[in-house]
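# Analysis of the macromolecular model
Chain by chain, the residues:
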Amino acid sequence: MKLSDIMGAAGLASWAEIGLVVSFITFAAIVLYVFVIRSRASYEDARHLPLDDDPEIPS
Amino acid sequence: MNVQIERFSYDDAIVRRFTLVTFVWGVVGMLVGLLVALQLAAPVFNFPPLPWLTFGRLRPLHTNAVIFAFAGNAVFAGVYYSLQRLLKTPMFSKTLSNLHFWGWQLIIVAAAVTLPLGITQGKEYAELQWPIDIAIAVVWIVFAVNFFGTIARRRERHLYVAIWFYIATIVTITVLHVFNNLVVPAGLFRSYPIYAGVQDAFMQWWYGHNAVGFLLTTPFLGIMYYFMPKAANRPVFSYRLSIIHFWTLVFIYIWAGPHHLHYTALPAWASTLGMLFSVMLWMPSWGGMLNGLLTLRGAWHKVATDPVLKFFVVAVTFYGMSTFEGPLLSVRSVNLLSHYTDWTIAHVHSGALGWVGFLVFGMIYWLLPRLYQTPLWSPKLAEAHFWLGTIGILLYIVSIYAAGLTQGLMWLAFDEEGYLAYADFVETTMRLIPMYWVRVIGGAAYLVGALLLGVNMLMTWRARPRPLAVEVHEAPALARAYTDRPEPISPLVTSGTHVANLAYTLDRFFRTTWHRRWERLPLLFTVMVAVAVIVASLFEIIPTFLIKSNVPTIASVAPYTPLELAGRDIYLSEGCYNCHSQMVRPLRAETERYGEYSKPGEFVYDHPFQWGSRRIGPDLHRVGGKYPDLWHVRHMDDPRAITPGSIMPAYPSLLTTPLDLESIPVVMRAHQTLGVPYTDDDIVGGTDAALAQAATIAEAIVTQGGPEGLADKKIIALTAYLQRLGTDITRPEPVAAEEETGETPADAVADPQETSGDGAS
């Protein structure tokens, strides 16, 4: 298998670690953004969306 | 600015239909589950000599029915109901909704017909044959178009977090389904995956793990984040936590796939990585559970009287429990004990019966009065359902956890002289039978509970007003030019403090609304999710596929003979992999019991791999040559005549059904396409070679005192395959082959240290 020789020589083994680190950083950045940078109040509208319905229920 | 108010109504007919089939298929799936549970407690329920109802064929039917029919239809019901309301618009297209509905039901019927007939791809949860897989892809795309079309027509700008979960489901399931089902067909009813051995295993469990994550977790979390606030009439406890919950699943969950293959022949780094991520999954999953439970704060008094909330509370609790247990099972030392035992089955069922099942029941009880515009017929009966179901779950999981622990410990036990304490496998089986009966009772209770839901459904439906009213709703159209509410002015500016310019820049960056706008752009959002999912998958999978050293070749490993290949097809078709593994782990307890541990290089011609996931029977990887041919014939005909106490189904029909000789060249051709080194001459002479080998085996059976006239029967091919299993490494190396492949002997022999990971520790 020629392809595997080429890819093997390309040092792909480290891709997994790179991907892992990139994913981790992105994730950490999102956590930081959501909890530290953006205020809780800015989510209030979205939080109430499911209840923002017509009044209902026959029960 | 004139705001135009638009009038519209939601399509609830489609929700009613999906809800009904959720119930119907749920009952079917649970009934089959009850039957397979009975078969393990008492093998007569395999109904020999009928071939269609054996455990190996029905267990895939059970799993496919509950996953794709019960859970699948429930997801669609929940999505169609909540999406329209969260976006204040009816579904994009009624035609697409109907196509989606009927297409999906047809697929389920096709599954229910083909699986008992033994038409299967032989990979867990991906058993359905390629024509059905194509149908699934088409219907899924119909769903996706309908879904994103609805988003495009929305009257609410912000996408509520439940919709994020739905988007992740649609994207990820598409990717999983396509890549795990890449096969080369050999006729309508047969196909072989393009991957072999280790790689196929990698793909399969990347798929299996993520199907659990993105078909049984994310859509139901979306449902939880919509229906739980509805039922409690309170907003979700923390919206921010729900966002983190979402990104955890997208970023971290995907990476944790390889933990399903601990102690197997995977490279060590891959399973270590999987383990690390599984453990990271702990905290946010619990965050998600707490978020659900805390949504009820101030409403706990309602839980006492409202069956809907009762179901939700238990469901969310089980979510927390199973997401705690999942990472635990991926810890090597735990996995060493739990893998291949009923522990896994108990884990799965606490998730399936507790989390998915109860969430669906809660959702249906909440929906019924709304869909049929009349109060629920009997809340008391719903209450009874809740208690029966809860007792059912407890009986099921307690007994099966006990069974898993018992068998796991027995397999690993050595006596004082250093021999296996339970060398006879069937001893460990017989110990489990009482627990299997308790499971039958638990499962039956759960099923009866579900039937009570049916009664309630029927009676509520009968009490509906005729015709059902179609409510008209009003909302302004989405304005084209949209400006966010201005963010408050930075305190840095108002307070007049002197700070470096960089601080202003950063401050402005963080305060601008780019991210908020970004959250409202569904296309961009979807692409983001897709990229995260695909990138994680690629990084995880590529190295195993492309780096040679990960699967060292073993020169003496040769392709199967034509007859063995036909036997392998029978093994797949009968679903023997549902009870037997073909993977001896590098542990003393296993090498003592089964023989030399399995090497990755031994599976290079296995399309698909057959490592299995549960040892209801012993591992078969080294069974080749262990018994005379006649033993296998007698054992397959009546296992209990050979091994008293065995719970293996009897397969007398294999001794009478003729072997399908015509398909041999077709199957070989498909394998040739996949890279198995059969020459054209091999293929042309395939049938003759098979006949010759069959004659030899049939003769040996007669010599050993067995019946005559088996040469053209299925049992001969199966015996040939079983006798070949795991024998390649003990065969002398072919000298000529070495030059052909250009391997040096050092390459050719697997280095046990490298390939087995740290298995021996």
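On a predicted model such as this, the values are computed, not experimentally measured, just so you know.

## A word on the overall build of chain A
- Across its full length, chain A carries three helices and zero strands.
- For chain A, the succession of helices and strands along the chain, N to C, is α-α-α.
- Here chain A holds 59 residues, and the buried ones make up 29% of them.
- Total accessible area on chain A is roughly 3600 Å²; 70% of this is exposed by carbon and sulfur atoms.

## So, empty space enclosed by the protein
All names here are of chain B.
- This model, assessed by the stated rule, comprises nine cavities of 30 Å³ or more.
- Each pocket or cavity is described by its volume, and for the second largest cavity that value is around 150 Å³.
- Considering the residues around the second largest cavity, the lining is formed by 14 residues, among which Tyr560, Glu602, Asp606, Gly726 and Asp728 are closest to the centre.
- A class-by-class count of the residues in the lining of the second largest cavity yields six nonpolar, four polar and four charged.

## Notes on the domain arrangement of chain B
Residues and elements named next belong to chain B.
- Domain annotation for chain B reports domain 1 (5-462) and domain 2 (562-731).
- The centre of domain 1, based on its C-alpha atoms, is set 33 Å off from the matching centre of domain 2.
- Taken residue by residue, the interface counts 63 residues in domain 1 and 56 residues in domain 2.
- Across the domain 1 to domain 2 interface the summed buried area is about 4800 Å²; carbon plus sulfur atoms make up 64%.
- Taken as a group, Tyr192, Tyr340 and Phe425 account for 16% of the area that domain 1 buries against domain 2, more than any other trio of residues on that side.
- The tally of links between domain 1 and domain 2 comes to four salt bridges.
- The interface formed by domain 1 and domain 2 contains 25 residue pairs in polar contact (both at pLDDT 80 or more).
- Examining the composition of the side of domain 1 that touches domain 2, we find that six residues originate from one element, helix H6 (residues 197-215), more than from any other.
- Its residues placed into classes, the side of domain 1 that touches domain 2 shows 37 nonpolar, 17 polar and nine charged.

## Some words on a nonpolar patch on the surface
- On the surface, a cluster of nonpolar side chains totalling about 510 Å² of accessible area is made up of B:Phe47, B:Leu50, B:Trp52, B:Val109, B:Val113 and B:Leu117.
- Inspection of the secondary structure puts B:Leu50 in the loop between helix H1 (13-41) and helix H2 (55-87).

## Considering helix H5 (residues 161-180) of chain B
- Taking 1.5 Å per residue as the helical rise, H5(B) with its 20 residues ought to reach 28 Å, and the 29 Å between its terminal C-alpha atoms agrees with that figure.
- With 17 of 20 residues buried, H5(B) lies mostly within the body of the structure.

## Considering the pattern of salt bridges
Residue and element names in this part refer to chain B.
- This model, assessed by the stated rule, comprises 22 salt bridges over all chains.
- Of the charged contacts in the structure, one is a salt bridge between arginine 724 and glutamate 564, with a shortest N-O distance of 2.5 Å. With arginine 724 in helix H29 (residues 714-724) and glutamate 564 in helix H22 (residues 562-574), this pair connects stretches of sequence that are 160 residues apart.
- Given a relative accessible area of 9%, arginine 724 falls into the buried group.
- For glutamate 564, a relative accessible area of 6% corresponds to the buried category.

## Let's talk about the packing of helix H8 (residues 239-251) of chain B against helix H10 (residues 282-294) of chain B
Residue and element names in this part refer to chain B.
- In contact at an axis separation of 9 Å, H8 and H10 are set at 140° when each is read in the N-to-C sense. As for how H8 packs across H10, the hand of that crossing is left-handed. Between H8, through Leu241, Ser242, His245 and Thr248, and H10, the contact on the second element is made entirely by Pro284, Gly287, Gly288 and Asn291.

## Overview of the nonpolar core
All names here are of chain B.
- Counting 174 residues, the largest nonpolar core has Phe147, Phe220, Trp247, Trp355 and Phe361 as its most contacted members.
- Tallying contributions element by element places H2 first for this core, with 18 residues.
- Residue assignment places this core across two domains, with domain 1 (5-462) and domain 2 (562-731) each supplying three or more.
- For phenylalanine 220, the contacting residues outside a window of four places in its chain are Ala71, Ala74, Val75, Leu215, Trp355, Val356, Leu359 and Val360.
- Of all hydrophobic cores here, the second largest spans 45 residues; its members include Tyr571, Cys576, Val633 and Ala694.

The rules behind the values
- Residues numbered from 1 in each chain as written.
- Chains lettered and ligands numbered in written order.
- Predicted model: local features only at pLDDT ≥ 70, side-chain atom pairs only at ≥ 80, totals over all residues.
- Heavy atoms only, no water.
- Helix = DSSP H or I, 4+ residues; strand = E, 2+ residues; numbered from the N terminus.
- Buried < 20%, exposed > 50% of the residue type's maximum accessible area, 1.4 Å probe, protein only.
- Areas by Shrake-Rupley, 256 points an atom, 1.4 Å probe, with all protein chains shown as cover.
- 1 Å grid on protein atoms, 1.4 Å probe; cavity = no way out; pocket = protein on both sides within 12 Å on 5 of 7 lines; lining within 4 Å.
- Points joined across faces, edges and corners; volume = space filled by probe spheres on them.
- Nonpolar A, V, L, I, M, F, W, Y, C, P; charged D, E, K, R; others polar.
- Domains from an automatic or database assignment.
- Contact = heavy atoms within 4.5 Å.
- Buried area = accessible area lost by both parts, 1.4 Å probe.
- Salt bridge = Lys/Arg side-chain N within 4 Å of Asp/Glu carboxyl O.
- Polar contact = N/O pair within 3.5 Å; in protein donor to acceptor, adjacent residues only side chain to side chain.
- Patch = residues over 30% accessible without salt bridge, like charges linked within 9 Å, V, L, I, M, F, W, Y side chains within 5 Å.
- Expected span 1.5 Å × (residues − 1).
- Axes fitted to C-alpha atoms, helices over the stretch in contact; angles between N-to-C directions.
- Left-handed = near helix turned anticlockwise from the far one by under 90°.
- Core = buried A, V, L, I, M, F, W, Y, C linked by side-chain atoms within 4.5 Å.

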